[in-house]
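What follows is each chain in one-letter form.
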Amino acid sequence: MNIGPYLLPNQFFVAPMAGVTDRPFRQLCKKLGAGYAVSEMLTSRPDLWHTPKTTRRANHAGETGPIAVQIAGTEPLLMSEAAAYNIDQGAQIIDINMGCPAKKVCNKWAGSALMQDEALALHIIEAVVAVCAARAVPVTLKMRTGWCPSHRNAVALAQAAERAGVQMITVHGRSREQGYRGQAEYDTIAAVKAAVRVPVVANGDIDSPEKARQVMAVTQADAVMIGRAAQGRPWIFREMAHFMATGTLLAAPLVAEIKQLAVEHLQDHYALYGDFLGVRTARKHIGWYVKTLPGGADFRARMNLIDDCRQQITAVADFFDSLNELTDRIPGRIQNASANEEEKQMETTT
Ligand SMILES: Cc1cc2nc3c(=O)[nH]c(=O)nc-3n(C[C@H](O)[C@H](O)[C@H](O)COP(=O)(O)O)c2cc1C
């Protein structure tokens, strides 16, 4: 499928996750088969653009294109200025965040809260599209099914967004009120797909190749987007692409390969964040890598005490070497964390 002029290699996308899908992780996912990646959300507040956090998020050096940047905010003018700013920083696609449940911008709720005010949501979309169209940059939209289970307005908003010029719509199959609780539902995503002509991406609780195929079948979506299931398991994208192409499951990856990619991921991570912040922010990724592996819980506890990059990377390499003594392939599958754990993650990372 295409987003504007950009032809994507496959229909398995990594979801934007603040505090997770930074440039090193996006690159890793793309290397391991993700057809598309969107940046962590960037604030539309210009007074924050030069903070270390936003500067890091807007740094796309060396990233494989197309470079898609998500912006979050509540004011049409600020959002359009943020789009222009990020295009100047290298963004080739601008994604508007109406899907995130936890972000407060300018003392107002942004993200999925905007779905409650369709008129404002549309003003934002129109303002961003106007600025991007003048620069030939496609605009995409990420949203939820609606504000609450009794107010599912995704179809109406998707149709209005399409009329306004949005070129792809991603729907997370939960309402804003649900947060990450309960199960994602796919009927609303199917209804959105049936109601618009632009590509639709299904998102929510997709954690295996079989589930990806099932969700694509029931929604008829053009692509699926994977968030939490890619944490610590970025090779899930090639597993999905292989299953879709052949109907068979790939063998679990070799421990030696995962050791190598985890080490390289850490090196890229330290290069972006610097040693002090890097060693600390890498802990969550390492925790996800080892979460379901034998000895993973003990290792995670020990590793959290290490505050030196070299020691951390050596500890990770040693962990995988020891695992390799037991088995040459990564055992088991990582399941989504509990809803509570996700809520906690959102609070600490966004
Ligand atoms: C830690 C975390 C951070 C997230 N940050 C964002 C974000 O910045 N922008 C956004 O649109 N959605 C964000 N999300 C939502 C995801 O993109 C995705 O819609 C959601 O996790 C459901 O997909 P999943 O079940 O595959 O995880 C975040 C989710 C998590 C868990």
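Reading guide: rules and limits
Counting starts from 1 at the beginning of each chain's written sequence and moves along it residue by residue. Local features in this predicted model are restricted to residues of pLDDT 70 or higher, and side-chain atom pairs are both shown and tallied only at a pLDDT of 80 or more, whereas totals for entire chains, interfaces and linings draw on every residue. Note that water and hydrogens are dropped before the side-chain values are worked out from all heavy atoms of the structure. When a residue's accessible area, from a 1.4 Å probe over protein chains only, is under 20% of the maximum for its type it is buried; when over 50% it is exposed; and in between it is partly exposed. A run of DSSP states H or I qualifies as a helix once it reaches four residues; a run of E qualifies as a strand once it reaches two. Both are numbered from the N-terminal end. Pairing between two strands requires that DSSP report at least two bridges joining them. Orient the strands so they point away from the viewer; a crossover is then right-handed if the path from the first strand over the helix to the second runs clockwise. Note on definitions: angles span 0 to 180 degrees between N-to-C directions of axes, and those axes are lines fitted to C-alpha atoms, for helices only across the stretch in contact. By definition, residues are in contact when any of their heavy atoms lie within 4.5 Å. Each polar contact in these results corresponds to two N or O atoms within 3.5 Å; when the atoms are within protein, one needs to be able to donate a hydrogen and the other to accept it, and residues that are neighboring in sequence are counted only if both atoms are side-chain atoms. Take the number of residues in a helix, subtract one, and multiply by 1.5 Å to get its expected span. Take the seven residues that end at a residue and the seven that start at it, fit an axis to each, and the angle between those axes is the bend at that residue. What sets the label is the angle itself: under 35 degrees gives roughly parallel, over 145 gives roughly antiparallel, 65 to 115 gives roughly perpendicular, and the rest give oblique. Left-handed describes a crossing in which the near helix is turned anticlockwise from the far one by less than a right angle; the clockwise case is right-handed. By the convention adopted, Pro, Cys, Tyr, Trp, Phe, Met, Ile, Leu, Val and Ala count as nonpolar, Lys, Arg, Asp and Glu as charged, and the other residues, Gly among them, as polar.

Student: Help me get a handle on the pairing of strand β11 (residues 200–203), residues and values and all.
Tutor: On any regular strand, side chains alternate: one points to one face of the sheet, the next to the other face. Residues of β11 alternate between two faces, with V200 and A202 on one and V201 and N203 on the opposite face, all of them buried. The sheet contact formed by strand β10 (residues 168–175) and β11 spans four bridges and is parallel. Looking at β11, one finds that V171 is bridged to A202. Handedness of the β10-helix α6 (residues 187–195)-β11 crossover: right-handed. Where β11 meets strand β12 (residues 223–226), three bridges bridge the pair, whose relative direction is parallel. Paired with A202 across the strands is V224, a residue of β12.

Student: Help me get a handle on the sheet that holds strand β4 (residues 36–43), residues and values and all.
Tutor: The parallel closed barrel is built from eight strands, whose spatial order is β3-β4-β5-β6-β9-β10-β11-β12. The average angle at which neighbouring strand axes cross in this sheet is 30 degrees, direction not considered. In this structure, strand β3 (residues 12–14) lies alongside β4, joined through two bridges in parallel fashion. Among the inter-strand pairings, V14 is bridged to a residue of β4, identified as A37. Lying over the sheet, α6 contacts β9 (139–146), β10 and β11, oriented at roughly 175 degrees with respect to β11. Sitting on the sheet, helix α7 (residues 209–219) is in contact with β3, β11 and β12, with an inclination near 135 degrees to β12.

Student: So what about the environment of Y186? Which residues, and what values?
Tutor: Along the chain, Y186 falls in the loop between β10 and α6. Along the chain, Y186 and G204 lie 18 residues apart, while their C-alpha atoms are 8.6 Å from each other. Apart from the residues lying within four places of it in its own chain, the contact partners of Y186 are N203, G204, D205, I206, K211, V215, V218 and T219. A polar atom in the side chain of Y186 sits 2.5 Å from the backbone oxygen of G204.

Student: Give a description of helix α9 (residues 255–290) that names residues and reports values.
Tutor: Here α9 is 36 residues long, yet its end C-alpha atoms lie only 11 Å apart, well below the 52 Å a rise of 1.5 Å per residue gives. The largest bend in α9 comes to about 125 degrees, at G274.

Student: Talk me through the packing of helix α5 (residues 154–164) against α6; I want residue IDs and the actual numbers.
Tutor: Packing of α5 against α6 brings their axes to within 9 Å, and their N-to-C directions diverge by 30 degrees. Regarding the angle of α5 to α6, the classification is roughly parallel. In terms of crossing hand, the pair formed by α5 and α6 is right-handed. Packed against α5, whose contacting residues are A154, V155, A158, Q159 and E162, the element α6 presents T188, A191, V192 and A195 at the interface. The residue makeup of the contact of α5 with α6, split by class, is six nonpolar, two polar and one charged.

These results come straight from atomic positions and should not be treated as a statement about function.
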